[in-house]
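Listed below are the residues making up each chain.
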Amino acid sequence: MKLCPNFKTLEPSYLFADIAHKVSAYQAAHPDAPVIRLGIGDVTLPLAPTVVDALRKAAAEQGVKETFHGYGDEQGYGFLQSAIVDYYAQRGVTLAQNEVFISDGAKSDLGNILDIFSKDNTVLIPDPVYPVYVDTNRMDGRQILFADANEGNGFLPLPDPAVHADIIYLCSPNNPTGAAYDRAGLQAWVDYALEHHAVILYDAAYECFITDPALPRSIFELEGAKRCAIEFCSFSKMAGFTGTRCGWTAVPEALAGGEPRKMWLRRQTTKFNGVPYIVQRGAEAAFTDQGQREIHEALAYYQKNAAVLADTLTSLGIWYTGGKNSPYLWLKCPNGMESWAFFDFLLEKANLVGTPGAGFGKNGRNFFRLTAFGDQAKTAEAAERLKALLG
Ligand SMILES: *Cc1c(COP(=O)(O)O)cnc(C)c1O
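Residues numbered from 1 in each chain as written. Predicted model: local features only at pLDDT ≥ 70, side-chain atom pairs only at ≥ 80, totals over all residues. Heavy atoms only, no water.

S.K.: Whenever I open this one, the site of the ligand confuses me. Can you help?
M.R.: Close to the ligand lie 13 residues, the nearest being Asp203, Tyr206, Ser234, Ser236 and Lys237. Between the ligand and Ala106 there is a distance of 2.8 Å, counted from an oxygen atom to a backbone nitrogen or oxygen. Within the side chain of Ser234, a nitrogen or oxygen atom sits 2.6 Å from an oxygen atom of the ligand. Isolated, the ligand exposes 390 Å² of accessible area, and the fraction of that covered by the protein chains is 94%. Taking a 2 Å distance to the grid points as the criterion, the majority of the atoms of the ligand fall inside the largest pocket. At the level of secondary structure, the elements contributing two or more residues to the shell around the ligand comprise helix 4 (106-112) and helix 7 (235-239). In terms of residue class, the shell around the ligand is made up of five nonpolar, four polar and four charged. (Near = heavy atom within 4 Å. Polar contact = N/O pair within 3.5 Å; in protein donor to acceptor, adjacent residues only side chain to side chain. Areas by Shrake-Rupley, 256 points an atom, 1.4 Å probe, with all protein chains shown as cover. 1 Å grid on protein atoms, 1.4 Å probe; cavity = no way out; pocket = protein on both sides within 12 Å on 5 of 7 lines; lining within 4 Å. Sits in = over half its atoms within 2 Å of the grid points. Helix = DSSP H or I, 4+ residues; strand = E, 2+ residues; numbered from the N terminus. Nonpolar A, V, L, I, M, F, W, Y, C, P; charged D, E, K, R; others polar.)

Spelled out as structure tokens, the structure:
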């Protein structure tokens, strides 16, 4: 047998391993150091009580012959698809139930969707970026072009009419930069995609953090987007499902004459057998009025952390993106420092841990990611330490 040679083209992914190694080495040398982690890219608050009740109830149903569920409906249960359709309708986006596919999360779908696209497409990916887009395309051997996100464009690159791409990745609000496209910016990408007969793979995993009503929460809010985009979303950041696993992908019938929707259905029914009934009931409960109230309390907790960190950076005169409409803050390292040097400096001088921007692409070399997913008291303490160190 021969192994897939494309795996040799992947860059080693040492970012979080290197961070963990540096932090544990520091703690071994300074056992009493009160280290605070602002590098967490995972939620920390528990599931909403309404979701837990629904999970329990569904688990009990699975133990009774009359209410037991075996293999589920192919694209997910209608009750959850229809709750998602209603969620979109709140923003004026009309989707049909058969355009919504329930999955075990956005990350798997973002990788798996490539099964329906030819390997000879050219892919356009912003830099810096969530590493999944690059790695899944390298595994398939596709040609990748990068769109520079930088201080000049506020880490929100716009299309270059001179560059041709077939598959475009956009993530807004962005991980790692926290930057979110406004309507004009996103419309420019939709117009470009329509002109180039390209598809936009739109990662909306952080849409629930958008509070500014002027910002789009779904790409389908934009004129023409249903003819050129597929949207990926998740209960992970919205409802704390990172360990429970549920997401969805919306493939509009209007995209390329409906062929991609049919192919995705075929792909999923061939290689995927659905999300547990119990989990889909939990996800459904997240959309009830009570579920939404509880979820918004948790989101408000993180948003307060983001605001505390944003105010701190503003008062220090440090350039950053995010902090509003996002759980991430992406700051320019002071004094032209490189991101790993700033990592060491923060760890040693203030016992704070963040994520070096270099780990997300070459344009992250002088930038640094902080997250709002931590404990509120610890985040406030971290803000004080930043002021003391950098003020
Ligand atoms: C967390 C995250 C997701 C969600 O992934 P799941 O597989 O649904 O947990 C998707 N995209 C980005 C950019 C993320 O940071």
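Alright, that's what it looks like, and here's the rest.
S.K.: Help me understand the domain arrangement of the protein chain, please; the structure alone is not making it clear to me.
M.R.: Size of an interface: often given as the accessible area lost when the parts come together. Domain assignment breaks the protein chain into domain 1 (13-42 + 291-390) and domain 2 (49-287). Taking the mean C-alpha position of each, domain 1 and domain 2 sit 27 Å from one another. At the interface, 27 residues of domain 1 touch 31 residues of domain 2. Where domain 1 abuts domain 2, roughly 2500 Å² becomes buried across the two surfaces, and 55% of that area is made up of carbon and sulfur atoms. Considering only the surface of domain 1 that becomes buried against domain 2, Asn325, Phe360 and Asn363 emerge as the three largest contributors, covering 25% of it. Joining domain 1 to domain 2, the criterion identifies two salt bridges. Here Glu151 and Lys332 are joined by a salt bridge, their closest N and O atoms 3.0 Å apart. Along the contact surface separating domain 1 from domain 2 lie 15 residue pairs in polar contact (both at pLDDT 80 or more). Broken down by secondary-structure element, the contributors of at least two residues to the side of domain 1 that touches domain 2 are helix 10 (289-316), strand 9 (320-322), strand 10 (328-332) and strand 13 (367-371). Broken down by element, the residue count for the side of domain 1 that touches domain 2 peaks at seven residues, all from helix 10. Here the residues of the side of domain 1 that touches domain 2 sort into 10 nonpolar, 11 polar and six charged. (Domains from an automatic or database assignment. Contact = heavy atoms within 4.5 Å. Buried area = accessible area lost by both parts, 1.4 Å probe. Salt bridge = Lys/Arg side-chain N within 4 Å of Asp/Glu carboxyl O.)

S.K.: Before we go on, may I ask you to explain the pairing of strand 2 (residues 100-103) in this structure?
M.R.: On a regular strand, each side chain points to the face opposite its neighbour's, so the side chains alternate between the two faces of the sheet. Burial along strand 2 is two-sided: Val100 and Ile102 and Phe101 and Ser103, pointing in opposite directions, are all buried. Bridge analysis of strand 2 against strand 8 (residues 247-250) gives four bridges, and the strand direction is antiparallel. Residue pairing for strand 8: Ile102 is matched across the bridge by Trp248. (Buried < 20%, exposed > 50% of the residue type's maximum accessible area, 1.4 Å probe, protein only. Pairing = 2+ DSSP bridges.)

S.K.: Explain the environment of Asn335 here, please?
M.R.: Mapped onto the elements of the fold, Asn335 is located in the loop between strand 10 and helix 11 (339-350). On the accessibility criterion, Asn335 (77% relative accessible area) is exposed. Separated by 31 residues in sequence, Asn335 and Asn366 have C-alpha atoms that sit 9.7 Å apart.

S.K.: Please clarify how empty space enclosed by the protein should be interpreted in this entry.
M.R.: A probe matching the size of a water molecule, rolled over the atoms, marks out where space remains unfilled. Scanning the model with the defined rule gives two cavities of 30 Å³ or more in all. Looking at the lining of the largest cavity residue by residue, the class counts come to nine nonpolar, two polar and no charged. Looking at the second largest cavity, its volume works out to about 40 Å³. If you trace the second largest cavity, you find it lined by Glu74, Gln75, Phe101, Ile102, Leu265, Gln268, Thr269 and Phe272. Going through the elements one at a time, strand 2 and helix 8 (259-271) are the ones with two or more residues in the lining of the second largest cavity. Residue contributions to the lining of the second largest cavity peak at three residues, all from helix 8. Grouping the constituent residues of the lining of the second largest cavity by class yields four nonpolar, three polar and one charged. (Points joined across faces, edges and corners; volume = space filled by probe spheres on them.)

S.K.: It is not clear to me how the layout of surface pockets should be interpreted in this structure. Could you clarify?
M.R.: Approximately 1200 Å³ is the volume attributed to the largest pocket. In this structure, the largest pocket is lined by 43 residues; those nearest its centre are Val129, Tyr130, Pro131, Val132 and Phe360. Contributing elements (two or more residues each) for the lining of the largest pocket: helix 1 (15-29), helix 4, helix 5 (132-140) and helix 7. Here the lining of the largest pocket gets six residues from one element, more than from any other, and that element is helix 5. A per-class count over the lining of the largest pocket returns 20 nonpolar, 11 polar and 12 charged. Of the domains in this structure, domain 1 (13-42 + 291-390) and domain 2 (49-287) are the two that each give at least three residues to the lining of the largest pocket. By volume, the second largest pocket amounts to about 220 Å³. Lining the second largest pocket are 16 residues, with Leu45, Pro46, Ala48, Glu294 and Ala298 sitting closest to its centre. Of all the elements in the fold, those that place two or more residues in the lining of the second largest pocket are helix 2 (49-61), helix 7 and helix 10. The leading source of residues in the lining of the second largest pocket is helix 10, at five residues. Of the residues assigned to the lining of the second largest pocket, the class counts are 12 nonpolar, one polar and three charged.

S.K.: Explain the pattern of salt bridges here, please?
M.R.: As a working rule, side chains carrying opposite charge can pair if their charged atoms are close by. Using the criterion set out here, one finds 15 salt bridges in the structure. Residues Glu221 and Arg183 are paired through a salt bridge, measuring 3.4 Å at the closest nitrogen-oxygen approach. Residue Glu221 is located in the loop between strand 6 (199-203) and strand 7 (229-234), and its partner Arg183 is located in helix 6 (residues 183-196); the two are separated by 38 residues in the primary sequence. Of the charged contacts, one joins Lys262 and Glu259 as a salt bridge, the two residues approaching to 3.9 Å between their closest N and O atoms. Of the two residues, Lys262 and Glu259 are both situated in helix 8; the distance of three residues between them amounts to about one turn of the helix.

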